[in-house]
Amino acid sequence: MSPHWSEAERELGDDGADSMVRPYTITRGRTAPERDDLTLITVLTAAPQAAEQAGRRLQPEHRTILARCLRQPAAVAELAADLDLPVSVTKILLGDLIAQGLLLARAPIAVARASGGVDLGLLTAVRDGLRRL
């Protein structure tokens, strides 16, 4: 998927002032996410009803996020990179989709617990191997 911002938009101003207008408009003037539980490694998955809702009146960035999460779960940092947007702006957009019930967010530790927990033997072996280096 190509980044939303084009090279022409980036080259509009030498001082970077023009590049700040776009994130501000994408978030409708919001400068901070309403949710404080989204970290860089929070995993996002499309909700079951997201496929049929993906075409409704959503911003292009929201549609890009949904399309990505419909293919496979993604971390906040991955989505920000896909959108070529700052993480703070991406978190605001993700909060919108979560509030609409189109995305599900889960902390990475929940994934580890669901798969049987952390393998302490493996972690110990890795730690010991690193110490021997």
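This structure is a prediction, so every number in the text was calculated from the model and none was measured. Along each chain, residue indices are assigned from 1 in the same order as the chain's sequence is written. Reporting in this predicted model follows two pLDDT cut-offs: at least 70 for local features of residues, and 80 or more for side-chain atom pairs to be given and counted; totals over whole chains, interfaces and linings ignore these cut-offs and use all residues. Heavy atoms from the whole structure form the basis of all side-chain values; hydrogens and water molecules are not counted.

Q: Which parts of the structure should I look at to understand the pattern of salt bridges?
A: Each salt bridge in this description consists of a side-chain nitrogen of Lys or Arg and a carboxyl oxygen of Asp or Glu lying within 4 Å of one another. Scanning the model with the defined rule gives three salt bridges in all. In this structure, Arg68 engages Glu78 in a salt bridge whose closest nitrogen and oxygen atoms are separated by 4.0 Å. In this pair, Arg68 sits in helix α4 (residues 60–71) while Glu78 sits in helix α5 (residues 76–83), placing the two residues 10 residues apart along the sequence. Judged by its relative accessible area of 36%, Glu78 falls in the partly exposed class. Two residues, Asp128 and Arg127, come together in a salt bridge whose shortest N-O distance is 3.4 Å. Note on exposure labels: buried denotes an accessible area under 20% of the residue type's maximum, exposed denotes more than 50%, and partly exposed covers the range between, all computed with a 1.4 Å probe on protein chains only. On the basis of relative accessible area, Asp128 is assigned to the partly exposed category, the value being 29%. Numbering of helices and strands runs from the N terminus, with a helix taken as a DSSP run of H or I at least four residues long and a strand as a DSSP run of E at least two residues long.

Q: Could you clarify how one ought to interpret a nonpolar patch on the surface in this entry?
A: Taken together, Leu122, Val126, Leu130 and Leu133 make up a surface patch of nonpolar side chains, about 460 Å² in accessible area. The residue Val126 is located in helix α8 (residues 120–132) in this model. Taking relative accessible area as the criterion, Val126 reaches 44% and is therefore assigned partly exposed. Only residues above 30% relative accessible area that lack a salt bridge enter a patch, with like-charged residues linked at up to 9 Å and the nonpolar side chains Val, Leu, Ile, Met, Phe, Trp and Tyr linked at up to 5 Å. Areas reported here follow the Shrake-Rupley algorithm with a probe of radius 1.4 Å; residue values treat only the protein chains shown as occluding.

Q: Even after reading the chapter, I still don't get the sheet that holds strand β1 (residues 43–46), so can you show me in this structure?
A: Hydrogen bonds along the backbone pair up the strands of a sheet, which may run parallel or antiparallel. By this definition, two strands are paired if DSSP reports at least two bridges between them. Judged by pairing direction, the sheet is antiparallel, and its three strands sit side by side in the order β2-β1-β3 without closing on themselves. Both edges of this open sheet fall to β2 (74–75) and β3 (103–106), since each of them pairs with a single strand only. Against the sheet, α4 makes contact with β1, β2 and β3, and its axis sits at roughly 90° relative to β1, the strand it touches most. Any pair of residues with heavy atoms lying within 4.5 Å of one another is described as a contacting pair. Structural elements are reduced to axes, namely lines fitted to C-alpha atoms, with helices fitted over the stretch in contact, and the angle between N-to-C directions of any two is expressed from 0 to 180 degrees.

Q: How do you make sense of the environment of Leu97 when you look at a structure like this?
A: Considering the arrangement of structural elements, one finds Leu97 in helix α6 (residues 87–99). Each residue touching Leu97, except ones within four places of it in the same chain, is listed here: His62, Ile65, Leu66, Leu102 and Leu103.

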